[in-house]
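Each chain, letter by letter, is given below.
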Amino acid sequence: MRLDDRDDIYQDHVLAHYEEPFHRGHCPRATHAHEDDNPLCGDRVRIELEVDDAGQVQSAYFDGQGCCISQAAASMLCERCEGCHIDELRKFTAPEMLKLFGAPLTPNRQKCCLLGWRVIQSALFSPLAASSESASEQASA
Amino acid sequence: MNALRSAAAAPLLDPLALRADFPILQPGASPGPELVFLDNGASTQRPRQVLDAMTRVYEHSYANVHRGIHRLSEECTELYEQARGRVQRFVNAAEREEIIFTRGTTESLNLVARSWGEVNLRPGDEILLTLLEHHANIVPWQQAAARTGAVIRWVPLTDDGRLDLAKFSELLGPRTRLVAVAAISNVLGTVNPLVEIARQTHAAGALLAVDAAQSVPHMLTDVQELGADFLACSGHKMLGPTGIGVLYARRALLEAMPPFLGGGSMIRRVTLEGFEPAELPSKFEAGTPPIVEAIGLGAAIEYLERVGLAAIHAHELRLTQEAHALLGQIEGLRILGPAPEHKGGIVSFVVDGLHPHDAAQLLDRDGIAVRAGHHCAMPLHQHLGIPASTRASFYLYNTLDEVARLAASIAAARARFKRR
Ligand SMILES: Cc1ncc(COP(=O)(O)O)c(C=O)c1O
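Numbers given for residues are sequential positions, taken from 1 along each chain in its written order. For this description, chains carry letters from A and ligands carry numbers from 1, given in the order in which they are written. Since the coordinates come from a predicted model, pLDDT governs what is reported: local features require at least 70, and pairs of side-chain atoms require 80 or more to be given and counted, while whole-chain, interface and lining totals use all residues. The basis for the side-chain values is all heavy atoms of the structure; hydrogens and waters are excluded.

1. A look at the sheet that holds strand S3 (residues 57–65) of chain A
Residue and element names in this part refer to chain A.
Piece 1. In this description, strands pair whenever DSSP reports at least two bridges between them. Runs of E in the DSSP output that reach at least two residues are strands. Runs of H or I that reach at least four are helices, and both are numbered from the N terminus. On the basis of which strands lie adjacent, the open sheet formed by 3 strands has the order S1-S2-S3 and antiparallel pairing. Across the chains shown, the open sheet's two edge strands, defined by having one partner strand only, are strand S1 (32–38) and S3. The mean angle between the axes of side-by-side strands here comes to 15 degrees, regardless of whether they run parallel or antiparallel.
Piece 2. The pairing of S1 with strand S2 (residues 43–51) spans 7 bridges and is classified as antiparallel. If you follow Asp37 over to S2, its bridge partner there is Arg44.
Piece 3. Across the sheet, helix H5 (residues 107–123) touches S1 and S2, and the angle it forms with S1 is around 150 degrees. Comment: axis = line fitted to C-alpha atoms, over the contacting stretch for helices; angle = value between 0 and 180 degrees taken between N-to-C directions. Contacts are assigned to residue pairs that have any heavy atoms within 4.5 Å of one another.

2. Quick word on the site of the ligand
All names here are of chain B.
Piece 1. Nearness is defined per residue: one heavy atom within 4 Å of the molecule or strand is enough. Lining the immediate environment of the ligand, one finds Thr105, Thr106, His134, Ala136, Asn186, Asp211, Ala213, Gln214, Ser234, His236 and Lys237.
Piece 2. Distance and chemistry together define a polar contact, namely a pair of N or O atoms within 3.5 Å, with one atom able to donate a hydrogen and the other to accept it when in protein, and with adjacent residues in sequence counting only for side-chain atoms on both sides. Between Ser234 and the ligand, the recorded distance is 2.6 Å, taken from a side-chain N or O atom to an oxygen atom.
Piece 3. One of the side-chain nitrogen or oxygen atoms of Lys237 is found 2.8 Å away from an oxygen atom of the ligand.
Piece 4. When residues are grouped by polarity, Ala, Val, Leu, Ile, Met, Phe, Trp, Tyr, Cys and Pro land in nonpolar, Asp, Glu, Lys and Arg in charged, and all others, Gly among them, in polar. Broken down by class, the residue content of the shell around the ligand amounts to 2 nonpolar, 7 polar and 2 charged.

3. Considering the interface of chain B and chain A
Piece 1. Taken together, the contact pairs 18 residues of chain B with 25 residues of chain A.
Piece 2. Salt bridges, as used here, are contacts in which a Lys or Arg side-chain nitrogen is within 4 Å of a carboxyl oxygen on Asp or Glu. Inspection of the region where chain B meets chain A yields 3 salt bridges.
Piece 3. Here Asp8 of chain A and Arg365 of chain B are joined by a salt bridge, their closest N and O atoms 3.1 Å apart.
Piece 4. Inspection of the region where chain B meets chain A yields 10 residue pairs in polar contact (both at pLDDT 80 or more).
Piece 5. For the side of chain B that touches chain A, the per-class residue count stands at 7 nonpolar, 6 polar and 5 charged.

4. Structural notes on the pattern of salt bridges
Residue and element names in this part refer to chain B.
Piece 1. Applying the stated criterion across every chain, the model contains 38 salt bridges over all chains.
Piece 2. The partner of Arg71 in a salt bridge is Glu75, and the shortest N-O contact between them spans 3.1 Å. Note that Arg71 and Glu75 are positioned in helix H4 (residues 71–91) at a spacing of 4 residues, about one turn of the helix.
Piece 3. For every residue, the accessible area (1.4 Å probe, protein chains only) is compared with the maximum for its type, and the residue is labelled buried under 20%, exposed over 50%, or partly exposed between those bounds. Residue Glu75 is classed as partly exposed on the basis of its relative accessible area, which comes to 30%.
Piece 4. In this structure, the salt-bridge partner of Glu107 is Arg103, at a minimum N-O distance of 2.8 Å.
Piece 5. Residue Glu107 is classed as buried on the basis of its relative accessible area, which comes to 14%.
Piece 6. For Arg103, a relative accessible area of 58% translates into the label exposed.

5. A few points about the domain arrangement of chain B
Note: interface size is frequently given as the accessible area lost on complex formation between the parts.
All names here are of chain B.
Piece 1. The split into domains, and so the bounds of each, comes from an automatic or database assignment of domains. Structurally, chain B comprises domain 1 (9–38 + 309–418) and domain 2 (51–305).
Piece 2. With 32 residues of domain 1 at the contact, the number on the domain 2 side is 30 residues.
Piece 3. Of the roughly 2,500 Å² buried between domain 1 and domain 2, counting both surfaces, carbon and sulfur atoms make up 66%.
Piece 4. Together, Leu309, Leu380 and Tyr395 form the three largest contributors to the area buried by domain 1 at its contact with domain 2, with a combined 27%.
Piece 5. In this assembly, domain 1 and domain 2 are joined by 0 salt bridges.
Piece 6. Counting across the domain 1 and domain 2 interface gives 11 residue pairs in polar contact (both at pLDDT 80 or more).
Piece 7. When residues of the side of domain 1 that touches domain 2 are traced back to their parent elements, those giving at least two are helix H12 (309–327), strand S12 (346–351), helix H14 (378–384) and strand S15 (389–393).
Piece 8. Within the side of domain 1 that touches domain 2, the residues separate by chemical class into 18 nonpolar, 10 polar and 4 charged. A 1.4 Å probe defines the accessible area here, and the buried area is the portion of it lost by two parts on being joined, summed over both.

6. With respect to the confidence of the model for chain B
All names here are of chain B.
Piece 1. Of all residues in chain B, 97% have pLDDT values of 70 or greater, and the mean over the chain is 95.
Piece 2. Across residues 1–7, where pLDDT falls below 50, the model places 8 contacts with residues more than four positions away in sequence or in other chains.
Piece 3. As scored by the predictor, the complex reaches a pTM of 0.90 and an ipTM of 0.73. Along the chain, pLDDT gives the predictor's confidence residue by residue, from 0 to 100.

7. Some words on helix H5 (residues 105–120) of chain B
Piece 1. The terminal C-alpha atoms of H5 of chain B, which comprises 16 residues, lie 21 Å apart, in line with the 22 Å expected from a rise of 1.5 Å per residue.
Piece 2. Taken together, the buried positions of H5 of chain B are occupied by Thr105, Glu107, Ser108, Leu109, Asn110, Leu111, Val112, Ala113, Ser115, Trp116 and Gly117 of chain B. Expected span of a helix: the number of residues minus one, times 1.5 Å.

8. Here we look at the packing of helix H1 (residues 12–19) of chain A against helix H2 (residues 68–81) of chain A
Residues and elements named next belong to chain A.
Piece 1. In contact at an axis separation of 8 Å, H1 and H2 are set at 85 degrees when each is read in the N-to-C sense. With respect to H2, the axis of H1 lies roughly perpendicular. Across from His13, Val14, Leu15, His17 and Tyr18 in H1, the residues of H2 making contact are Cys68, Ile69, Gln71, Ala72, Ser75, Met76 and Glu79.
Piece 2. A breakdown of the residues in the contact of H1 with H2 according to their chemical character gives 7 nonpolar, 4 polar and 1 charged. Angle categories: roughly parallel below 35 degrees, roughly antiparallel above 145, roughly perpendicular from 65 to 115, and oblique for all the rest.

Structure below.
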């Protein structure tokens, strides 16, 4: 294993997010949530957000299972989006997500990285209304 | 145990000598570290003999088949039909017309499910599949069931990943029309007891369709001894080109089945009112077939016969035993499927804390090509309770040294993820 590869996708910050993720678990006062998987590899990510009345993301949590890339990317994304306005997040593009991830990814692994990004884009449009139960069930269906 | 004994008795094969025939396995042929190609279950590499045979056709003999009254067309037709004859002898079919060229196992199985299925399946009829099938031997039957009202029943597995034969016998019944089963699981590597399955299937008055994609390339196949009614395989998994596959079926079945695809070549006559299908095997070969690919498959079979299927099988069993021995020492690694004596050259595994994608990516850094994912067997992975696995699959050009490199690389990958 050549640890010194400059193009290593398992850079320290990636492994750090994988091993000690930012906010893995449930968002206590979630207002938005979505969950999806990547059927090709079985990676799964759920993201829960607490968005205040001003549209500001107060906290962001993720949960799921999958490869290092999918889970670390979701962790980075949650960290990145706390404090952001949802309008800003809606404009956050896939290339920006890949840039945030930092390590270079082949097209196949970009799908892993973008799973969390895809989920958060849907979460932003998935407010947990009064029927928060059915919303989360739907999301995991 | 039988397999072990025959491994000891079988003639030896020298993988290093064979490697010289494979351009892509030569140092420097592809960028990056020296290639350790352990993704043969997905598709194998091709020896120069196959590449040359195909180039020769394109450069000297190519024209469409069964059509032109000119020298090249006659010559190409002759080569195409010779390839059919080679396949016939390779799987020991009784007649040349029982060999249908398709684009691959997937198309072969779809042909059976469509053509045989739609005229023979009635509401409530049962199709027996097993939990270890590839999607290619699941989805066409689900489609046939949806169209005809037939019902699919699933043969479960034992804890060590073999077919539960007791349950199979219980599931076989008067409503069973067809049993469709893989000869070798493309994930677990399990070699299924087809002779016994065929015996029971026929005793129940049903037909047997064999997905032989993973067996025909690796061990002797005798459709008559086996008692297979249908058997499907792919050229690209046996040193041949992509885009060519085989369906074997007994003549009586093929005669009674309606054509699958319609078009040129598969007709005797077309009028404004309709068409009359052609004789076998053209009846099932609509359109211009994969001509050069069929000839390439013939060359691949010639190569395999020269090496010897018994030697290939014994060699792969040796590699599987070594993989079990070495990978088994890695803490947190679990090998899927049964003990080596029940397996072909396929070793899939999962490692605690190391996702299959990450494992495959780290192996790739060391030049080792394996497959990670569900390997087109989602129901099996669901049954195993895992989303994905990593698979090493061997062929005649793989070496014990490559197995050792696989194990060392996995151990290093695991250490790298565990250290943190
Ligand atoms: C057991 C099995 N069945 C069917 C297939 C499908 O073969 P093909 O993709 O060549 O049609 C494969 C290969 O992926 C296989 O391993």
